[in-house]
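Working through the structure, step by step
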Amino acid sequence: MSNELKLKFWGVRGSYPTPGAGTLKYGGNTASVEVRAGERTIILDAGTGIIPLGRELARTKRASEIMLLLSHLHHDHTQGFPFFVPAYMPNAKLHIFGPDGTHESMKNVLERNQSSETFPLGLHDMSSTKIIQSVRESQVIVWDEDGIRLAESSVGLSDEAVVIRIHKSYAHPGGVYVYRITWRGKSILYATDTEGYVGTDRKLVQFARDADIMIHDAQYLEEHYRGQLAGFPSTQGFGHSTVIMATEVALASEVGRLVLFHHDPSYTDKVVTGMEATAKSLFSDSVAAYEGLEITLTPNPSPIGRGEIMSVQLQKPSSQLSSHRRGQERM
Ligand SMILES: [Zn+2]
Ligand SMILES: [Zn+2]
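Small disclaimer: the values here were computed from a predicted structure and weren't measured.

Take the coordination of the zinc ion (ligand 2) next. Around the zinc ion (ligand 2), the protein supplies His72 (NE2), His74 (ND1), His172 (NE2) and Asp193 (OD) as donor atoms, at distances of 2.1 to 2.6 Å. Classification of the site at the zinc ion (ligand 2) rests on its 4 donor atoms, whose angles at the metal span 89 to 176 degrees, yielding the label irregular. Each donor residue of the zinc ion (ligand 2) lies on one chain, and together they are spaced H-x1-H-x97-H-x20-D. Between the zinc ion (ligand 2) and the zinc ion (ligand 1) the interatomic distance amounts to 3.6 Å, and Asp193 serves as a bridging ligand to the pair. Here His172 is found in the loop between β9 (162-169) and β10 (176-183), whereas its partner Asp193 is found in the loop between β11 (186-191) and α3 (202-208), with 21 residues between them in sequence. Since its relative accessible area comes to 5%, His172 is described here as buried.

What follows deals with the coordination of the zinc ion (ligand 1). Protein-derived coordination of the zinc ion (ligand 1) comes from Asp76 (OD), His77 (NE2), Asp193 (OD) and His262 (NE2), at a distance range of 2.1 to 2.3 Å. Seen from the zinc ion (ligand 1), its 4 donor atoms lie at angles of 90 to 162 degrees, and the figure they make is irregular. The motif formed by the donor residues of the zinc ion (ligand 1), counted along the single chain, is D-H-x115-D-x68-H. Asp76 gets classed as buried once you look at its relative accessible area, which sits at 6%.

Attention now moves to the sheet that holds strand β12 (residues 213-217). With mixed pairing, the 8 strands of this open sheet are ordered in space as β8-β7-β9-β10-β11-β12-β13-β14. Pairing within the sheet leaves two strands with one partner each, and these edge strands are β8 (147-151) and β14 (286-288). When the angles between neighbouring strand axes are averaged without regard to direction, this sheet yields 20 degrees. Both β12 and strand β13 (residues 257-261) contribute to a ladder of 5 bridges, which runs parallel. By the bridge assignment for β13, Ile215 is matched with Val259. Each of β12 and β13 touches helix α5 (residues 243-253); the most contacted strand, β12, lies at about 155 degrees to it. This element, helix α6 (residues 269-282), spans β13 and β14 of the sheet and lies at about 170 degrees to β14.

Analysis parameters
Note that residues are indexed from 1 along each chain, following the sequence as it is written. Naming scheme: in the order in which they are written, chains are lettered from A and ligands are numbered from 1. Reporting of local features is limited, given that this is a predicted model, to residues whose pLDDT is at least 70; pairs of side-chain atoms are given and counted only at 80 or more, and all residues count toward the totals for whole chains, interfaces and linings. For side-chain calculations, the full set of non-hydrogen atoms in the structure is used, while hydrogens and water are omitted. Sodium, potassium and calcium take a 3.2 Å donor cutoff, other metals 2.8 Å, and in both cases only N, O and S atoms count; water is not among them, so sites may look incomplete. Under this scheme a four-donor centre is tetrahedral when all angles range from 85 to 135 degrees, a four-donor centre is square planar and a six-donor centre octahedral when opposite donors are above 155 degrees with the rest from 65 to 115, and any other centre is irregular. Helix and strand assignments follow DSSP, with helices taken as H or I runs no shorter than four residues and strands as E runs no shorter than two, numbered in order from the N terminus. Throughout this description, buried means an accessible area under 20% of the type-specific maximum (1.4 Å probe, protein chains only), exposed means over 50%, and partly exposed covers the range between. At least two DSSP bridges between two strands are needed for those strands to be called paired. Structural elements are reduced to axes, namely lines fitted to C-alpha atoms, with helices fitted over the stretch in contact, and the angle between N-to-C directions of any two is expressed from 0 to 180 degrees. Contacts are assigned to residue pairs with any non-hydrogen atoms lying within 4.5 Å of each other.

Okay, structure coming up:
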């Protein structure tokens, strides 16, 4: 059994998909991130990035049991699900967790996304087994030798258990779940669709403390957010962060590495590269997420926290990428 906690980015764009020549380097698919804890597969969000991920899981025969965590129910986090191949496989079991909508249950919203008026196949026409459960912030999602379940606390769980804790953020219209996935002493924090506060989001900082990897919304350039970018209105209150906001949270919570995520759909590769440079000047272990980015955390036999070797490997070769992404990195 693999001893690694792995991350792979399949969709890094916010709001809507952006194919085209200007987005080849970072990719145009909306939010979807694969986490592998040993042999267990956990997917964060079901934007269009989940479509190629689903094909890969089917191809490599890793579709028998999958956990899908939805941060919230906006389109760019759910629109890939109707095209997720494992959902159509009779032998696949999907455990879907997330928040209820403001007026409707999560299950109703997912069903409505595939009503006969909007999509040819409903949830019931997808032949996998789907266990759709709304979760509360106080609950803990556990995946251990007894399977996948909800618990009221993580007390007494073995280090072998994948433990997922939830922080509900109100810094996005309708609210959003921030997830912290921990396995064998290593932690990944997923904080997409969240807007920074003056003096940082203290609750988020506390929740994120010492995570090895923090994936954080960094949709906007500072001038865009402030309404100083020609042709773009201010985006204050839209529920997304600037690069500076993301780095402030990373610094305050002392995470190991910051991954900028949910890139604005109007931004070209050149703009995102510039944003990455800004992030690095403020928090050196920063990287702008791109499709194919893989990060591997290798837990120590006896977990002592951060400091182990982490490798960043490029799956999709591109001459435009800087050399640091090709090699092994130590943090
Ligand atoms: Zn979004
Ligand atoms: Zn959203």
